[in-house]
Amino acid sequence: MDEQALLGLNPNADARYRHRAMAYFEQLKESQDAWEVCAEALATGIYNDDHVKFFCFQVLEHQIKFRHAGLSAGQQQLIRETLMKWLQCQLMNAQPEKPFIRNKAAQVFALTFVMEYLTLWPKFFFDILSLVGLNPHGVDVYLRTLMAIDAEVVDRDILHSPDEMRRNSLIKDSMREQCIPHLVESWFQILQAYQRSHPELTCQCLEVVGLFVSWIDLNLIANDRFVNLLLSQMSVEELREEACDCLFEIVNKGMDPVDKTKLVESLCQVLQSAGFFNVEQEEDVDFLAKFSRLVNGMGQSLVLSWTKLAKTGNVKDTAETLQALESKVPLLLQLLVHEDDDISANIVGFCYEYLHVLKQLPQLTDQQKTNIEAIMLAVMKKLTYDDEYNFENEGEDEAMFVEYRKQLKMLLDRLAQVCPELLLEAVRRVFTNTMQNWQTAQFMEVEVAVRLLYMLGEALPASHGAHFSGDTAKTSALQDMMRTLVSCGVSSYQHSSVSLEFFETVVRYDKFFIVEPQHIPNVLMAFLDQRGLRHNSPKVRSRVAYLFSRFIKTLHKHMNAFIEDILSRIQDLLELAPPENGFLALLTSDDQLFMFETAGVLIVNGESPVERKQALMRSLLLPLMDAFRLLLAKLLQETEDERQAALADCLSHAVGFASRTSKAFSNKQTVKQCGCTEVYRDCLQTFLPALSCPVQRGPLRSSVRSFLHRMIICMEEEVLPFVPAASEHMLKDCEAKDLQEFIPLISQITAKFKSQVSPFLQQVFMPLVLAIFEALARPAEDNDQAAALEKQMLRRSYFTFIQTITGSGMNEVMANQGAENIERVVFTIIQGAVDFPDPIAQKTCFIILSKLVELWGGKDGMVGFPDFIYKHIVPACFLAPLKPTFDLSDAQTVLTLSECALTLKMIHLKRGPEFIQFLQQDYLPSLQVSPEISQELCQVLQQPDVKVLKNYIKVRV
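Residues numbered from 1 in each chain as written. Predicted model: local features only at pLDDT ≥ 70, side-chain atom pairs only at ≥ 80, totals over all residues. Heavy atoms only, no water.

Going by the annotation in an unreviewed UniProt entry, the name recorded for the protein chain is Exportin-T, with Sander lucioperca given as the source organism. Quoted verbatim from the Function (unreviewed entry) heading of the UniProt record, the comment on the protein chain is "tRNA nucleus export receptor which facilitates tRNA translocation across the nuclear pore complex." (UniProt positions renumbered as here; feature names shortened; annotations may be inferred.)

Rendered as structure tokens:
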């Protein structure tokens, strides 16, 4: 071997040696026989360097995996001999190889097995077992090989081709017939021989049994001899977790429901008599987590058996299985309520499915009702936070508890389906008791009591949140609890989790305040003072800002008496935070968006006269405008990049806040009706100069553009005078992304105002189109995917813009651009329909072509356009579907084909027999289409139902 190259295998070798090693690896892989030196090195053990050994196995692996079929019989024999000689060396070595070498060796053994077991090496296992006997080093490699074989042949998580799946099935069938009993016997011997002396080998063997049990004859494992051995290992500290996992796999094996019930019951009896059901006495939480998973598996297996038996109508066996199921509930409850959440979480699946069984029973027994109540209490207890939960800096443990809580919520929802009255009563009892003593209770007790009330909203759902209509026990109980919540003073509890839960619950049940509006003032004060928006926790303040906006939106009709008081109290929260470093605002800019929306909702929906609304809105927006002017002036003078970015950020926030206030308007309360047109017009005049700012153009243009979008919706035609100047600024020195974001604005204006903006559109049409052409023509690197995607999105936006123009009945916008420009634009549509493999754009292009044919393709249409139809549009309809990139398995492409067919129908509608004649005599013959197919197509084209044509083209393509 090339000793110099081998030096490069060491991770610490310099780059020159590493490159040489890589080149040598490639050379050995590709050579017909050079790899044999690696085989010899492994068989003779001449190298001590671990990296060289690993390298040799890699070379061998490549030959087996990719070149096995091309090897001569002698070379295949050499591989087998190499592996067995290497294995023999392991038996004699004082120390085993490093784990990474043993794993790689096992992979190579497994690959050889997969390639040769059915043909060349049927005695694979016999040969290995004969050689290794009970030698620990040999047994280790044998077990690792079995795990690697499982990964290659059995593991369902690994994707296999159909051929590989067929081969794997044949291997498993052959193994079942020839060697599985011998393998099982070898496992038994290993488990028995090594449980004291080599626990790590015993654990490996248990893992192997667990892997193989899913597809071998269960009777080989589920017998007294084997199960007793496994149970004895459940008492050995180093083995018990792996033994538990092994039993879990045995229980999980698919089998006849009656047999499964018998298996689970016999296993449970043995486990119980061995004392494993005494959960309280077990201190090893890691083992208990595994044991909980085992009990969960047994419980779920019994549920599955019960479900299958219930469907067959087998009354006796169904009843026996249900009895077996019920007898596991005490153990389930012990595990569910265990203080360790992992142990509890592992049993949730069984608990959930047991409740599902109860839900299907016609009537519940007293014992079953007792079980339900016990599960409820367990869930309520386990929902409780512990002392160690870090609310201010939530890490991995906290995230796991949040996930665990979600599982408990599923149980609570299922309890509500099984027995809603019991759940309601249990929650009411816990809630009422806790609220009576909230001042002296621990935070986690108070939080969980309020949380349970909150969770009832989803557990006992009501249409559109109408929990307080209808005279039912549920309505009465919820109303009582809500009355207690808002009047007992618990909103003052000094813990962020309780504060959050209070406001979440108030907003979930906001319709309570429609029924009992007398509680609104107290709750408003809680939102506005140190309990809510001024809480010392930023997390609480942030969430409350959002919840307050929801609360006001729902109850705005009840806010009239409080509007100006609320606005004055939140005034400091509506101030634009200056871009100076170190300024700590109570709310983030995202939170402030909700505050501005809330202020807007209060002003717009109040019952004040128009003049008052106008004054209030002006006092809300004027500080933003003043600040904007000052900041823009500062930005124009600023030279430092970081400071420029901070100023631009602040300017964008000002525009965003003003924009957010406009969300309060509706069809019933328009800007005009509220007398607010003038103040928003002033905003436009203030903000638009930012479009011509030479620095920080991206964020400034984006925010002003968003504001224009809102104003087009809210201000109607009052916005139109501002559009030409804004467009002119936005089209100056713009990038592809700017154009792509500008086009929706123009499309929105076009669709909304139609003929009103026709003169403006005629004026802006070609400058916009030329800017798009220029951006698309800019060169980009071949492998620059971001630039390619940007161009694709711009191209789509451009086609959508043309579609909006043609579809809005403004024929004159394009018609008045001059023949040369029209032709240039329409050619880009033809190109988009045929040349770019983008079905979304292609579909849009065919919609445009169909519309243009409708507008200009008739007798009184545009001069010369019929000629254009025959020269360019008709060929596009045939060439696009014939492109190799036209993939009819893609849904968007199918829609493109549909639009293509509609375009052909539109041409026939406008040109009639002349079109048919053109196809038969000129166009189709030029494509070498036979007269028969040509006639067939023309007949289909003349059918009134367009579906016939769509299906015909689909079949032909």
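When helices and strands are counted, the protein chain shows 46 helices and zero strands. Whereas a compact globule of 957 residues would reach a radius of gyration of roughly 30 Å, the protein chain reaches 38 Å, over 25% beyond that. C-alpha extents for the protein chain along the principal axes are approximately 95 × 90 × 65 Å. Looking at the protein chain residue by residue over its 957 residues, the buried ones come to 51%. Sequence-distant contacts in the protein chain: of pairs separated by 6 or more residues, those separated by 24 or more amount to 72%. Here the protein chain displays about 44400 Å² of accessible surface, and carbon together with sulfur accounts for 51% of that area. Here the protein chain carries 91 positive and 122 negative side-chain charges, and the mean point of each set is 6 Å from the other. (Helix = DSSP H or I, 4+ residues; strand = E, 2+ residues; numbered from the N terminus. Rg over C-alpha atoms; globule rule 2.2 N^0.38 Å. Buried < 20%, exposed > 50% of the residue type's maximum accessible area, 1.4 Å probe, protein only. Contact = heavy atoms within 4.5 Å. Areas by Shrake-Rupley, 256 points an atom, 1.4 Å probe, with all protein chains shown as cover. Lys, Arg positive; Asp, Glu negative; His and termini not counted. Charge placed at Lys NZ, Arg CZ, Asp CG, Glu CD.)

Okay, unusual backbone geometry next. Of note in the backbone geometry, Glu-716 takes a positive phi value of approximately 55 degrees without being a glycine. Looking at the element boundaries, Glu-716 is found in the loop between helix 34 (697-714) and helix 35 (723-730). The class of Glu-716 is partly exposed, set by a relative accessible area of 36%. In this structure, Gln-928 takes a positive phi of about 60 degrees despite not being glycine. Relative to the helices and strands, Gln-928 is located in the loop between helix 44 (913-926) and helix 45 (931-941).

Quick look at helix 20 (residues 366-382) now. Helix length check: helix 20 (17 residues) gives 24 Å between terminal C-alpha atoms against 24 Å at 1.5 Å per residue, within 8%. When helix 20 is considered as a whole, its buried residues turn out to be Gln-368, Asn-371, Ile-372, Ile-375, Met-376, Ala-378, Val-379, Met-380 and Lys-382. (Expected span 1.5 Å × (residues − 1).)

Within the largest apolar cluster, 334 residues are counted, with the highest numbers of intra-cluster contacts made by Met-175, Trp-187, Phe-291, Phe-551 and Tyr-680. In this structure, Phe-551 is in contact with Val-506, Val-507, Asp-510, Phe-513, Val-523, Leu-524, Phe-527 and Met-559, ignoring residues within four places of it in sequence. (Core = buried A, V, L, I, M, F, W, Y, C linked by side-chain atoms within 4.5 Å.)

Attention now goes to the environment of Val-236. By the element assignment, Val-236 lies in the loop between helix 12 (224-233) and helix 13 (240-252). The class for Val-236 is buried, based on a relative accessible area of 8%. C-alpha separation for the pair Val-236 and Pro-199, spaced 37 residues apart in sequence, amounts to 9.3 Å.

The next subject is the UniProt feature "domain: Importin N-terminal" (unreviewed entry) in the protein chain. In the numbering used here, UniProt assigns the "domain: Importin N-terminal" (unreviewed entry) feature to residues 21-89. Span residues 21-89 is 78% helix and 0% strand, its end C-alpha atoms 26 Å apart.

In this structure, Thr-598 sits in helix 30 (residues 589-605). A polar side-chain atom of Thr-598 sits 2.7 Å from the main-chain carbonyl oxygen of Phe-594. Contacts of Thr-598, omitting those with residues within four sequence positions, involve Phe-548, Ser-549 and Ile-552. (Polar contact = N/O pair within 3.5 Å; in protein donor to acceptor, adjacent residues only side chain to side chain.)

This paragraph deals with the layout of surface pockets. When its volume is computed, the largest pocket comes out at roughly 660 Å³. Considering the residues around the largest pocket, the lining is formed by 20 residues, among which Glu-339, Asp-341, Lys-382, Asp-386 and Phe-401 are closest to the centre. Of all the elements in the fold, those that place two or more residues in the lining of the largest pocket are helix 18 (341-345), helix 20 and helix 21 (396-418). In terms of residues, the lining of the largest pocket owes the most to one element, helix 21, which gives seven residues. Its residues assigned to classes, the lining of the largest pocket comprises seven nonpolar, two polar and eleven charged. Considering only enclosed or pocket space, the second largest pocket measures out at about 500 Å³ in volume. Forming the boundary of the second largest pocket are 24 residues, of which Tyr-385, Arg-405, Glu-447, Arg-451 and Glu-501 lie nearest the centre. Of all the secondary structure elements, the ones that give two or more residues to the lining of the second largest pocket are helix 21, helix 23 (443-459), helix 25 (496-508) and helix 28 (538-555). For the lining of the second largest pocket, the element with the most residues is helix 25, which contributes six residues. Tallied by class, the residues present in the lining of the second largest pocket amount to nine nonpolar, three polar and twelve charged. (1 Å grid on protein atoms, 1.4 Å probe; cavity = no way out; pocket = protein on both sides within 12 Å on 5 of 7 lines; lining within 4 Å. Points joined across faces, edges and corners; volume = space filled by probe spheres on them. Nonpolar A, V, L, I, M, F, W, Y, C, P; charged D, E, K, R; others polar.)

Moving on, we come to the packing of aromatic side chains. Summed over all chains, the structure comprises 47 aromatic pairs. On the basis of an interplanar angle of 40 degrees and a centroid distance of 5.5 Å, the ring pair of Phe-212 and Trp-215 is categorised as tilted. For the residue pair Phe-212 and Trp-215, the accessibility class agrees, reading buried in each case. For the pair Phe-401 and Tyr-404, a centre-to-centre distance of 6.1 Å together with 55 degrees between the ring planes defines the contact as tilted. Separated by three residues within a single helix, Phe-401 and Tyr-404 lie in helix 21, roughly one turn from each other. Across this residue pair, the class does not change: Phe-401 and Tyr-404 are buried. An aromatic cluster of three or more residues is present, and its members are Phe-468, Phe-502, Phe-503, Tyr-509, Phe-512, Phe-513, Phe-527, Phe-548 and Phe-551. A cation over a ring is seen here: Arg-508 above Tyr-454, with NZ or CZ 3.9 Å from the ring centre. (Phe/Tyr/Trp six-rings, centres within 6.5 Å; stacked < 30°, edge-to-face > 60°. Lys NZ or Arg CZ within 6 Å of the ring centre and 35° of its normal.)

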